[in-house]
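Observations on chain architecture
Here is what each chain is made of, one letter per residue.
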Amino acid sequence: MTPAPADLAAMRRALALARTASDHDDVPVGAVVLDAEGRIVGEGRNLRELTNDPTAHAEVAALREAAARLGTWHLDGCTLVVTLEPCVMCAGAVLQARVPRVVFGSWDAKAGAAGSLYDVLRDRRLPHRVEVVGGVAEDEASALLRGFFERRRD
């Protein structure tokens with residue numbers, strides 16, 4: 001799948017959010033939710049270290065903000081754009097919110113649930129399946145994560 005121009009613009013915003021996550025020693029992941037017209041209605045970044053909340057992933061924060069702004073947890077017609085392939089928890093949140101489309105940057109071979117390790121978002125046994133577009137701005141997203149973990153090892 002080819003990313004739409006709105007996807008690329010949203011990924012740039014998600015990457016900017018990811019950079020701010022590392023200010024608090026959180027893994028640099030950023031996410032935005034676009035409405036059907038391509039407008040950002042939710043934003044998030046990893047905040048687990050800052051909040052001591054294991055569910056404070058960028059995707060969850062962005063989905064919560066979008067639901068609050070739109071006044072509904074049914075995010076039909078929305079797109080989640082995130083810098084790292086969603087994990088199982090975040091893939092579950094996407095399914096529960098009925099998000100029909102996910103765009104992500106870097107693949108996650110250790111915990112990815114959108115095609116790498118698992119494919120929860122497109123599992124035919126579940127009642128809702130999601131269109132997945134992976135590898136958008138992959139080099140930049142991967143470099144951000146690689147740099148973060150290299151600094152932690154030093």
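Description of the structure in this document. (Residues numbered from 1 in each chain as written. Predicted model: local features only at pLDDT ≥ 70, side-chain atom pairs only at ≥ 80, totals over all residues. Heavy atoms only, no water.)

1. Observations concerning a nonpolar patch on the surface
A cluster of nonpolar residues, V88, L117 and Y118, forms a patch on the protein surface that exposes about 280 Å² of accessible area. Along the chain, L117 falls in the loop between β4 (101-106) and β5 (131-133). Residue class for L117 comes out partly exposed when judged on its relative accessible area of 43%. (Patch = residues over 30% accessible without salt bridge, like charges linked within 9 Å, V, L, I, M, F, W, Y side chains within 5 Å. Areas by Shrake-Rupley, 256 points an atom, 1.4 Å probe, with all protein chains shown as cover. Salt bridge = Lys/Arg side-chain N within 4 Å of Asp/Glu carboxyl O. Helix = DSSP H or I, 4+ residues; strand = E, 2+ residues; numbered from the N terminus. Buried < 20%, exposed > 50% of the residue type's maximum accessible area, 1.4 Å probe, protein only.)

2. Here's the deal with the sheet that holds strand β2 (residues 40-45)
On the basis of which strands lie adjacent, the open sheet formed by five strands has the order β2-β1-β3-β4-β5 and mixed pairing. Of all strands in the sheet, those with a lone pairing partner are β2 and β5, marking the two edges. Between one strand and the next, the sheet's axes are offset by a mean angle of 15 degrees, whatever the strand orientation. Here strand β1 (residues 30-34) pairs with β2 via five bridges, running antiparallel. Bridged to V32 within β2 is E43. Seen against the sheet, helix α5 (residues 138-153) touches β3 (79-84) and β4 and runs at an angle of roughly 60 degrees to β4. (Pairing = 2+ DSSP bridges. Axes fitted to C-alpha atoms, helices over the stretch in contact; angles between N-to-C directions. Contact = heavy atoms within 4.5 Å.)

3. Here's the deal with the pairing of β4
Counted residue by residue, β4 has six buried out of six residues, so it is predominantly covered. As paired elements, β3 and β4 share five bridges and run parallel to each other. Bridge pairing links L80 to V102 in β4. For the crossover from β3 across helix α4 (residues 88-97) to β4, the handedness is right-handed. (Right-handed = clockwise from strand over helix to strand, strands pointing away.)

4. Some thoughts on unusual backbone geometry
Although it is not a glycine, D25 sits at a positive phi angle of roughly 65 degrees. Inspection of the secondary structure puts D25 in the loop between α1 (5-21) and β1. With phi around 55 degrees, A137 is a residue other than glycine that occupies positive phi space. Looking at where A137 falls in the secondary structure, it is placed in the loop between β5 and α5.

5. Describing the packing of aromatic side chains
Applying the stated criterion across every chain, the model contains two aromatic pairs. With 4.7 Å between their ring centres and 85 degrees between their planes, F104 and W107 make a pair best called edge-to-face. For F104, a relative accessible area of 0% gives the class buried. Ring plane angle 80 degrees and centroid distance 5.1 Å describe the contact between F148 and F149, whose orientation is recorded as edge-to-face. Of the residues examined, F148 reaches a relative accessible area of 3% and is grouped as buried. Under the relative-accessibility criterion, F149 is labelled partly exposed at 33%. (Phe/Tyr/Trp six-rings, centres within 6.5 Å; stacked < 30°, edge-to-face > 60°.)

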